[in-house]
Amino acid sequence: MATTKQTTFSSNLGVIMAAVGSAVGLGNIWRFPYTCGKYGGGAFLIVYLCFVFLLGATLMMSEFVIGRRTQHTPVKAFQSLHPKRAWGAVGLLGLITSFFILSQYLVLSGWTTNYVWDAITGTLASLGTDAGNISNYFAAFSTSGSRPVITLIVFSIICLVIILCGVQKGIENVSKVLMPFLVLLVLVLCVRSLTLPGAGKGLEYLFSPDFSKLTGEGVLAALGQALFSLSVGMGVMIVYGSYMPLNDNIFKTAMWITACDTLIAVLAGVAIFPAVFSCGFDPAGGPGLVFCVLPNVFNTMGGAGVIFSTLFFLLLVVAAMTSAISLLEALTAALHEHTSMGRTFSAVLFFLLSTALGVLFAMSVGPLSHITVGHAHLTLFDFVDRLNSIYLPPICSLLTIIFFGWFMTEKDVKDELSNHGTVKIGYYRLFRLLSRYVAPLALLLVLITGIF
Ligand code: PFF
């Protein structure tokens, strides 16, 4: 089945680092902690762990199987596994989703990049501990049009350069350096946060189970977060699967990635909430937590606050960068495979397109906020946010797992999971049950409730 293709990661460690790089992003460090706190701490965590290890990992394994089996990018991968070429549309939808997510991700990454600069230069520190001051600064910055655009462009140029260095020399090597660095940063911040007076309250908020807060909405949020956090349902893991060495154990690799991704999300919560509670702040959700509450927390730390705020925003940029790279790589590899365009040209083209769209979304928060979509008068940024959280990823995940569970031959699946019979797959029956029944039903539920 597999045709030989030149591009691969050099080792299992390389695959794990690159895939963890894709998985660990703004979703872990920013969205997970406040979602966890909001929906009942430990109670949410238990549900999240079940979802991420049972359903998220199942989807990741299915994408790895599809990618490595075919050695193709999403569209061709689906087409080559089934006589009905229309299945290629699922791959195409995944790539379209990647493109929209990348464009939106670039906006937030640009903001974060700007805050690294502001932290280093002492601008954030100069705002003092007046919450109003800090919020006004964020509002003025995010709606200003110029600075968010400049920092967005700087961030995407760095991503492009890494992609242009290639899969091994660029993505793999950068991930191998940045991921351990990210772990170090998060650990330093955890130690600082945990040694602040009254840190226990933050841990309680994050971990003590409050089942009364775990609503149906919370359960669905856990599933949505699990899928987003593992970067599944967009074809990215199909592309990374196609770069996976043929003797890698897909099950073990997916488990490692899932475990690392979850651990970093939990550590991010430990780095954030004890500090927030220790300083007597409310744990806000959304951008407010990162851009308003946390700068205030750092400013209460005096001189050391400059160092810790720099480290924190650097952590966010590093996490965002390896995720953005994976999205740009999926698009680049797909275009390169489908056309006669070289890899460089494909990368530059998608860099230009996603940056241009990202600039439009960034401007829609400020100077272009009068342009709205639909009855709800959503700004372009809010519109794409809705598209990227409620509609596109669950649809793509659902179609992918239906294809995998019901339309791919069992021989293809077993052969790939067992590395042609050389690796034991004792988990197979459970895996089959999850991929044919449980995951499709759960995804259908997420999609229906999301839409209605
Ligand atoms: N997993 C990333 C995060 O948690 O921030 C986001 C992401 C990256 C989603 C790449 C999808 C993707 F293909």
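To be clear, the structure that these remarks concern was listed above.
Since the model is a prediction, treat every value here as computed from it, not as a measurement. (Residues numbered from 1 in each chain as written. Predicted model: local features only at pLDDT ≥ 70, side-chain atom pairs only at ≥ 80, totals over all residues. Heavy atoms only, no water.)

So, empty space enclosed by the protein
Just so we agree on the cut-off: Throughout, the protein atoms alone are placed on a 1 Å grid, and a set of points is a cavity if a 1.4 Å probe fits but cannot get out or a pocket if it is open with protein on both sides within 12 Å along at least five of seven lines; lining residues have an atom within 4 Å of a point. Grid points are joined across faces, edges and corners, and a volume is the space filled by probe spheres set on the points. For helices the rule is a DSSP run of H or I covering at least 4 residues; for strands it is a run of E covering at least 2, with both sets numbered from the N terminus onward. Under the scheme applied here, ten amino acids are nonpolar (Ala, Val, Leu, Ile, Met, Phe, Trp, Tyr, Cys and Pro), four are charged (Asp, Glu, Lys and Arg), and all others, including Gly, are polar.
By the definition in use, this model includes 4 cavities of 30 Å³ or more. Approximately 140 Å³ is the volume attributed to the largest cavity. What lines the largest cavity is a set of 16 residues, and nearest its centre among them are Ser 22, Tyr 105, Phe 228, Ser 231 and Ser 323. Secondary structure elements with two or more residues in the lining of the largest cavity: helix 1 (12–23), helix 2 (26–38), helix 5 (88–120), helix 11 (216–229) and helix 15 (304–338). Of the residues belonging to the lining of the largest cavity, the class tally is 8 nonpolar, 8 polar and no charged. In this structure, the second largest cavity spans a volume of roughly 90 Å³. Around the second largest cavity, the lining residues are Leu 189, Arg 192, Ser 193, Ala 271, Ile 272, Ala 275, Leu 294, Val 297, Phe 298, Met 301, Phe 308 and Phe 312. Of all the elements in the fold, those that place two or more residues in the lining of the second largest cavity are helix 9 (167–194), helix 13 (250–278), helix 14 (286–299) and helix 15. Split into classes, the residues belonging to the lining of the second largest cavity amount to 10 nonpolar, 1 polar and 1 charged.

Some remarks on the site of the ligand
What counts is decided by this rule: Think of it this way: one heavy atom of a residue within 4 Å of a molecule or strand is enough to make that residue near it. For the purposes of these results, a polar contact is taken to be a pair of N or O atoms within 3.5 Å, where, inside protein, one atom must be able to donate a hydrogen and its partner to accept one; residues adjacent in sequence count only when each atom of the pair is a side-chain atom. Areas reported here follow the Shrake-Rupley algorithm with a probe of radius 1.4 Å; residue values treat only the protein chains shown as occluding. Grid points define the cavity or pocket, and a molecule sits in it when more than half of its atoms lie within 2 Å of them.
Taken together, 15 residues lie around the ligand, and Ala 23, Gly 27, Tyr 105, Phe 228 and Ser 231 are the ones closest in. Measuring from a nitrogen atom of the ligand, one finds a backbone N or O atom of Ser 22 at 3.3 Å. Here an oxygen atom of the ligand sits 2.6 Å away from a polar atom, N or O, in the side chain of Tyr 105. For the ligand, the accessible surface in isolation is 340 Å², of which the surrounding protein chains cover 100%. In this structure the site holding the ligand corresponds to the largest cavity. Where the shell around the ligand is concerned, the elements lending two or more residues are helix 1, helix 2, helix 11 and helix 15. Split into classes, the residues belonging to the shell around the ligand amount to 7 nonpolar, 8 polar and no charged.

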